[in-house]
Every structure is written in structure tokens, then in C-alpha cells.
Amino acid sequence: MEYGLMILSVGAAVVGLGLAYRSYARAGKDYSEPIAVASPPLYRVLYNKWFVDEGYDYIFTGRRKLGDVRLGVMGAGEASSWFDAKIIDGAVNDAGWITRAIATLSSWWISGSSTVCV
């Protein structure tokens with residue numbers, strides 16, 4: 001059974017090579033694929049491998065934007081960068097500003113009360 005399947009698969013490969021050679025042996029530079037002439041949309045889908053790579057780029061990697069939104073890993077990176085820059089850094093900067101303001105008011109209070117007491 002195994003040898004029969006091996007022979008069958010090698011035979012299918014040889015037949016495919018023969019058909020490809022027969023189809024493309026005399027093709028010049030101006031040759032166009034028969035399926036491209038018969039059905040351009042189908043040829044485009046097959047030529048682009050069912051757009052699997054493009055879908056992967058949109059959904060998982062985020063190398064391509066979907067409108068203004070980037071999905072995938074790069075989208076998560078952009079979102080976390082925005083969150084860090086706007087929310088976390090904003091909270092830290094606001095806490096620093098409040099601390100400086102209170103320290104300034106406190107120094108005015110202390111310096112004003114010490115001159116009155118003396």
C-alpha cells in the first residue's frame with residue numbers, strides 16, 4: 001500500500017511537470033496566463049495566495065492598518081505606548097506638579113509665619 005501511494009505521488013508529480021513544460025516551454029515575454037485572460041479576479045486571488053498573508057498582516061502583526069486602526073501586535077504596542085505616554089506619565093507629571101505647588105505654598109506659609117513670629 002505504501003509503495004503504491006509513493007509511486008502514485010511521484011507519477012502525479014511527473015505528469016504535473018510534463019504539463020507545465022508543455023504549457024510554458026514556448027512562452028515568450030509577452031505571454032499571459034490563460035486563467036488571467038479567462039478570469040482576472042480568480043487569477044488575482046490565486047496569484048496572491050488567497051490573500052492569506054495580507055489577512056495575517058492585518059489581524060496578527062498589525063503591519064497594515066485597517067483604516068486608522070492598527071490591529072495585532074503592533075497595534076497593541078501602539079496602544080500601550082499611548083497609554084504609558086498619556087495616562088501613566090500624565091498621572092506622574094500631575095503628581096509632581098501638585099507636590100511642587102504644595103511645597104511652594106508651604107514654603108510661603110512657613111516663611112511668612114516665621115517673620116511674623118520674630
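Residue indices begin from 1 for each chain and proceed along its sequence in written order. For this predicted model, a pLDDT threshold of at least 70 governs which residues receive local features, and a threshold of 80 or more governs which side-chain atom pairs are given and counted, while totals over whole chains, interfaces and linings are taken from all residues. The side-chain quantities take in all heavy atoms of the structure and omit both hydrogens and water.

Colleague: Could you clarify how one ought to interpret the overall build of the protein chain in this entry?
Modeller: Within the protein chain, the regular secondary structure consists of 5 helices and 2 strands. In this description a helix means any DSSP run of H or I spanning at least four residues, a strand means any run of E spanning at least two, and both kinds are numbered starting from the N terminus. Taken from the N to the C terminus, the helices and strands of the protein chain come in the order α-α-α-α-β-β-α. Atoms considered for the radius of gyration are the C-alpha atoms alone. The globule rule reads 2.2 Å times the number of residues to the power 0.38. Rg of the C-alpha trace for the protein chain: 35 Å, well past the compact-globule value of 13 Å for 118 residues, more than 25% over. Any residue under 20% of the maximum accessible area for its type is buried, any over 50% is exposed, and the rest in between are partly exposed; the area is computed with a 1.4 Å probe on protein chains only. Classification of the 118 residues of the protein chain by burial places 7% in the buried group. We call two residues in contact whenever any of their non-hydrogen atoms come within 4.5 Å of each other. In the protein chain, of all internal contacts separated by at least 6 residues, the share reaching a separation of at least 24 is 0%. Only the protein chains shown count as covering a residue, and every accessible area follows the Shrake-Rupley method with a 1.4 Å probe. Summed over its atoms, the accessible surface of the protein chain is roughly 10200 Å², and 68% of this surface lies on carbon and sulfur atoms. A positive count includes Lys and Arg, and a negative count includes Asp and Glu. His and the chain ends are not counted in either. Working definition for charges: the position is that of NZ of Lys, CZ of Arg, CG of Asp or CD of Glu. Of the charged side chains in the protein chain, 11 are positive and 11 negative; the average position of the first set lies 8 Å away from that of the second.

Colleague: When you look at the side chain of T61 in this model, what are you seeing that I'm missing?
Modeller: Within the element layout of this structure, T61 appears in helix 4 (residues 52–61). A relative accessible area of 18% places T61 in the buried class. Here a polar contact is taken to be a pair of N or O atoms separated by no more than 3.5 Å, where protein atoms must pair a possible hydrogen donor with a possible acceptor and residues adjacent in sequence count only if both atoms sit in side chains. A polar atom in the side chain of T61 sits 3.0 Å from the backbone oxygen of D57. Side-chain polar atoms of T61 contact the backbone nitrogen of R63, separated by 3.3 Å. If near-sequence neighbours (up to four positions away) are discounted, T61 is found in contact with Y56, L71, G72, V73 and M74.

Colleague: Sorry, what's going on with unusual backbone geometry here?
Modeller: Residues apart from glycine generally show negative phi values, whereas peptide bonds are mostly found in trans. Backbone geometry places K49, a non-glycine residue, at a positive phi of 55°. The topology assignment puts K49 in the loop between helix 3 (40–47) and helix 4.

Colleague: Any chance you could explain the pattern of salt bridges here in plain terms?
Modeller: Pairs can form between side chains of opposite charge once their charged atoms are near each other. In the sections that follow, a salt bridge refers to a side-chain nitrogen of Lys or Arg positioned within 4 Å of a carboxyl oxygen of Asp or Glu. Scanning the entire structure with this criterion turns up 4 salt bridges. Close ionic contact of K49 with D53 constitutes a salt bridge, the shortest N to O distance being 3.6 Å. Note on D53: relative accessible area 42%, which makes it partly exposed. Taking the shortest distance from any N to any O, the salt bridge between D57 and R63 comes out at 2.5 Å. Overall, D57 belongs to the buried group, its relative accessible area being 10%. The structure contains a network of salt bridges with shared partners spanning D57, R63 and R64.

Colleague: Is there a simple way to explain a nonpolar patch on the surface in this structure?
Modeller: Together, I35, L42, L46, W50 and V52 make up an exposed nonpolar region whose accessible area comes to about 480 Å². Looking at where I35 falls in the secondary structure, it is placed in helix 2 (residues 34–38). Patch criteria: residues need more than 30% relative accessible area and no salt bridge. Like-charged residues are merged within 9 Å; nonpolar side chains of Val, Leu, Ile, Met, Phe, Trp and Tyr are merged within 5 Å.

Colleague: Looking at this model, I keep getting lost on the environment of V92. Mind explaining?
Modeller: With respect to the element layout, V92 can be found in helix 5 (residues 72–117). Sequence separation of V92 and Y43 is 49 residues, and the distance between their C-alpha atoms is 56 Å.

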